[in-house]
Structure formats: C-alpha cells, structure tokens
Amino acid sequence: MLDLRTIGKVYFLLSLLQAAVSNEWTAETPSDVTAQRGLCARIPCHYRYPSNVDEKLRTGIWYNSEKMEDHRIAFHSKDHSQEMQKFRSRTRLSGDLKDGDCSLVIDSITQEDKGPYYFRIEFDNGNRYNYHPVTRLRVSDFTDKPTIFAGEFVEGKSVDITCIFNTTCDGTSPNLTWVTPTDVPPSVSSSVTQWHNNLTYTSVLTMTPALKHHGQNLTCRVRYPSVSSEQTLTLTVQYAPQNFSITSTNSVNNSWVSMKEGIPTSILCSVQSFPASNLRWRHLGVTLNTTSSSNKLWLVFPQVTPQQAGDYQCVAENKHGTAERTVTLTVEYKPEISRDSGCTRTPEVITCVCAARSNPPGELTWHLPLANLSGNQTHGRFQTWQVADGQLVTGLLALGVSEGEEDVTTFCTVRNQHGEVMFAVSVWMKGGVSAVWITVLLTSNVILSMLLAGLFISRYIPKRDERTKERASEILDTTVSSSAHLTTPQDTERQRTSRIPQEVTTAMPVGEGEECNLVYASLRELPGGGGPVRRGETVIYSALKFQSIGPA
C-alpha cells in the first residue's frame, strides 16, 4: 500500500508528463489576415505534434467558427463532403501536413468568407488537437493593380513594354491582357515566377511607335473570375522636328511672307517635336536669334526695309534630329528711281532711260507735250520701249533731233499702289545741237523736278546774245566740284564746229526729307549768243549744287 507521500510523488510526475505532452501540440498562425475581394486568401499555419504519432495517418480540418460544435467546416483533407457548400472546390492546403504545413488557401474571396478560422488535427490512433487562438479573416475591396514599365518611345524604334502583377496567393491565376491602339499588331509574351510566397505574373508587349501613337493610351489589365483592375500609360512618342508652321501678322502664302515697307511686323516659326526643339532663325548664313528651348520662335522686324527682303531659315533641333524651313520675305515699297536713269545723244537722236525699282513692279509712262506713251509706242519724233525684269522696270525714250530751235520738256512716272516717282528731262535745242538737264523727284504729286529744271534754265543758261566768256565766268563762280577746258577751233562761218560730248551724266536723286541735295548736270555746251566760238575761248562742263525747293 502506498502511503500518502508516494501518492503525491506519482501525481506530481503525471502532472509534469501531461504538461510536457501538451507543449508538443502547438501551432503558429496569425491573429489577423486580410484578403482582397475576388482574390484568394492564404492563412499561414505551421503546427507541431508529439513525435510518437509521427508515422500515424492524419486528417487536417479547418473550421470557420470559434468552436468545433458549430460544425462550420471550411476544409476537410479526408472527406470534402463535410465541407460547407460555399467552400467546396474553393479551399485547399498550400503545403503538406506531414511537413507540419497546415496553411489554408481560399479562392475567390467574398465578404461572406470573413470571420474566425482555426485548425484541428486528427490522428488515426485517436490523438486529436484543436489549435487556438483563432485567425480572423478580413475582406477588403480589390485594389491591387498591375504596373507598367517601359523605356523611351521613339518614332520608328522597337520597344518592349512590361506589365507586372504581384500576389502572395497561389490560387486562381490572374489573366493579363493588353488594350492597345487598333493598328498595333499583337506581339506578347507571358511568364510566372515565384519567390517564397510571392508570385509575379509578367506580360511583355513589343511594338514600334509611330507619330500617330503620340498621346494614345496603352492599358494592361489583370482579370480574376469576379474582379479586375488595370493600369493605363499615355504614350509620349519622341520624334525629330517636323510639321513646320509659318505665321505672321502680315499675309502668308505657303513659304512667302509679304510685308509693307516701314511697318512693325513679325514672323512666327512653330514646329512639332518631342522633346521640344531648340529654334533659331538664320539669314545669309548668320544666326539672327539666340537659341530657344520651346517649339515657337518669333522673328521681329521693328520697321521692315526692302534690304531685309530675302530667304530666312527657321532651324529646329532636338536629340533625334534637325530640320529647317525656308521662308521668303518680300517687302512691298513704292518706286525708286534707279541710278541707271539718264540720257545720251548722237547727232541724230537723244535717248533717255527711265528705270525704277518697286514691289510690286510699277507702271511706267512717258509724259510728252502732246501725248502719253507707255510700252512700245511711237508718236511723231518720239518712240518708247519698255522692259520689265523682276522688280525693275525700264523705259526708253528716243527723240529724233530736228533743225531749228526747240524747247522740249518730258518726264516719266513710275507708279504702284504704294506711291509714285517722277524722272523729268528738259531739252533745249538749237540748230540740231541740244543741251539736256535731268532732275529726279521722289515725292509724288509735286512736280519738283520741273521747277528745278525751270529755275536752272532761267538762272544759269545764258541768253543767246551774251558773250560766252562773260557767261562762262558767271557759271564758273557757281561750280563747286570740277571744271574742264576745251579749246575750240577757229570758225569764220559763225557755225559751231566744237565736238559735242556723247554722254550726259546721270542725275542724282533728290532724297526725301533732305535739306540739301546734289543734282549733277552735264552742260554739253554753253550757248555763244549766236556768234562763233573764238580762238582761245572755252566750253565749260560743270557739276552744280542746288538747294532742294519744297512745295509751293
């Protein structure tokens, strides 16, 4: 018979044995797990049990409740018929019970799946154990989205676009698809990789961007049986400068810009490119503006002049290429008498040339005492021809020399919509010998040239009955630039036999707004008062200076 002391010792030993055995029935499970609706949920679980049952057959059971008596079985490894209807074909173990892995996977999670879950193990020898505390499953909305990775989109260059979706659930596999512009041919490759409990689904789309794809959307979509999400990328296609546009505050026609002389104006060069181009204007090989960092650049003319007409190049450059566009600037201006205007003579004819530049080309008319001629016409002893070359129009007037004394004044006008200029010729002839004076008027509607010619004749042309030497002395006092002396041969028959120069110096134009202007005239011959030129007398050729005479 055991005494009380012995009984106490046995009881103590049994208590220690029970405690040791109890410590072998443990599990590692989280207290909370959150799964997104439509995806799968994984409740991690690792359990331990006594080694003496290691070779025994076992059954793993997951309950969707706080206690076993509720009979809410979510998973049964031996008999799936015991599972609740809503869990059938949706639950499984992700590991092997023999390895101590009791992790539960639930596919296509819904809000009805939330709640407590715990694991129970049953061995064939009758050993059974419920692993507590429970794990509470929470269900949230589906928020995971795929991620798109891409390099630079350059026009005409092939590029790979990668879509990646990560998940920790190895349940139902998602389906990755692409939504592309309709003209992008499908070229897609897919793969799945796993790292521990993480699964990575990858889809790679290969395409060749074109300019028309710039600004279009490219979408990668991940789809589960009941939910889906997507990520969209807006394509920014990089390309070299192209599609130049030239605009102006004045009229623009294709690559021509027409402006009127003297106004403030500007030309805008625009280009399409990505990234933005550096722009600059060039003229005659010289850069006119500093480099710009945008796709627009102005070329400004505070007051445009005819000398600024010509070709201008707008040059655009980015890292993908360089392009340029040429624009031709034309400046409209009123006629200007050319320095080629003037008169020459032969013993039979006096020929005068009237040439003027303007834009648009002017209309040239010769105004004669009894008629107005233009183009190629003949009137009495007068004959005209006309030639146009670009902005230069040239008129030719031929006057046949006649016997006797004659005073003829004629002038030509050149006119366009911006103004008019006048070139006047006053011819005095006697006995087949003529003297010609030329002056030019640049201000329309004021016949200044005729006034100057009349003033010159009345003041400096000697009367025919005055002696040559006296008048030559007076004129010599007015000359300021040069004089030349020519000794004439003896003439006893009172007829003039001195050589007559064959050219007349071209008149210098009277500039607008100037107070003092030079008007050059060649005095072919000074009248001798009707008498012969005596031995030792001279004929003087002078360049004269006149003050401008304003309007009366």
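Residues numbered from 1 in each chain as written. Predicted model: local features only at pLDDT ≥ 70, side-chain atom pairs only at ≥ 80, totals over all residues. Heavy atoms only, no water.

**Quick word on the overall build of the protein chain**
- Across its full length, the protein chain holds 3 helices and 39 strands.
- Counting every position in the protein chain, which comprises 552 residues, the buried fraction comes to 42%.
- Summarising the internal contacts of the protein chain: among those between residues at least 6 apart in sequence, 62% fall at separations of at least 24.
- As displayed, the protein chain has an accessible area near 29600 Å², and 50% of this comes from carbon and sulfur atoms. (Helix = DSSP H or I, 4+ residues; strand = E, 2+ residues; numbered from the N terminus. Buried < 20%, exposed > 50% of the residue type's maximum accessible area, 1.4 Å probe, protein only. Contact = heavy atoms within 4.5 Å. Areas by Shrake-Rupley, 256 points an atom, 1.4 Å probe, with all protein chains shown as cover.)

**A look at the packing of aromatic side chains**
- On inspection of all chains with the given rule, the structure shows 14 aromatic pairs.
- A centroid spacing of 5.9 Å and a plane angle of 70° characterise the contact between Trp25 and Phe123, whose relative ring orientation is edge-to-face. One end of the pair, Trp25, is in the loop between helix 1 (4-23) and strand 1 (26-28); the other, Phe123, is in strand 9 (residues 115-123), with 98 residues separating them in the sequence. Accessibility assignment for this pair places Trp25 and Phe123 in one class, buried.
- Both rings, one in Tyr47 and one in Phe119, keep their centres 5.5 Å apart while their planes meet at 55°; by these two values the pair is tilted. Of this pair, Tyr47 sits in strand 4 (residues 46-48) while Phe119 sits in strand 9, placing them 72 residues apart in sequence. Neither Tyr47 nor Phe119 differs from the other in exposure class; each is buried. (Phe/Tyr/Trp six-rings, centres within 6.5 Å; stacked < 30°, edge-to-face > 60°.)

**A closer look at the state of the cysteines**
- What the rule picks out here adds up to 5 disulfides.
- Across the disulfide from Cys45 sits Cys102; the S-S distance is 1.7 Å. Of note, the bridge from Cys45 to Cys102 carries an S-S torsion of about -75° and is left-handed in sense. Highlighted residues: Cys45 in the loop between strand 3 (41-43) and strand 4 and Cys102 in the loop between strand 7 (91-93) and strand 8 (104-106), separated in sequence by 57 residues.
- Disulfide partner of Cys269: Cys314, at an S-S distance of 1.9 Å. (Disulfide = S-S within 2.5 Å.)

**Description of the sheet that holds strand 16 (residues 198-207)**
- Strand order in this open sheet of 4 strands is 11-13-16-15, and the pairing throughout is antiparallel. Among the strands making up the open sheet, the edge pair consists of strand 11 (147-150) and strand 15 (188-195). When strand polarity is set aside, the average angle formed by the axes of neighbouring strands in this sheet is 20°.
- Pairing between strand 11 and strand 13 (residues 159-167): 4 bridges, direction antiparallel. Across the sheet, the residue bridging to Ala150 is Ile161, located in strand 13. (Pairing = 2+ DSSP bridges. Axes fitted to C-alpha atoms, helices over the stretch in contact; angles between N-to-C directions.)

**Considerations on the nonpolar core**
- Tyr47, Trp62, Tyr117, Phe119 and Leu137 are the most contacted members of the largest nonpolar core, which totals 27 residues.
- The leading source of residues in this core is strand 9, at 4 residues.
- Excluding residues that lie within four positions of it along the chain, Tyr47 makes contacts with Thr26, Ala27, Arg58, Leu97, Gly100, Asp101, Cys102, Phe119, Ile121 and Tyr131.
- Within the second largest apolar cluster, 22 residues are counted, among which are Phe142, Phe153, Val184 and Val237. (Core = buried A, V, L, I, M, F, W, Y, C linked by side-chain atoms within 4.5 Å.)

**Here's the deal with the confidence of the model for the protein chain**
- Of the residues in the protein chain, 72% reach a pLDDT of 70 or more, and the chain-wide mean stands at 76.
- Confidence drops under a pLDDT of 50 for residues 7-21, and excluding neighbours within four residues, the segment shows 1 contact in the predicted structure.
- Taken together, the stretch residues 437-552 has pLDDT below 50 and engages in 203 contacts with residues farther than four places along the chain or on a different chain. (pLDDT = per-residue confidence, 0-100.)

**Brief notes about the pattern of salt bridges**
- The final tally for this structure, using the stated rule, is 12 salt bridges.
- The shortest N-O distance in the salt bridge between Arg90 and Asp113 comes to 2.4 Å. On the criterion of sequence distance, the pair formed by Arg90 in the loop between strand 6 (73-76) and strand 7 and Asp113 in the loop between strand 8 and strand 9 is long-range, its members being 23 residues apart. Just as Arg90 is buried, Asp113 falls in that class too.
- The partner of Glu420 in a salt bridge is Arg415, and the shortest N-O contact between them spans 2.5 Å. (Salt bridge = Lys/Arg side-chain N within 4 Å of Asp/Glu carboxyl O.)

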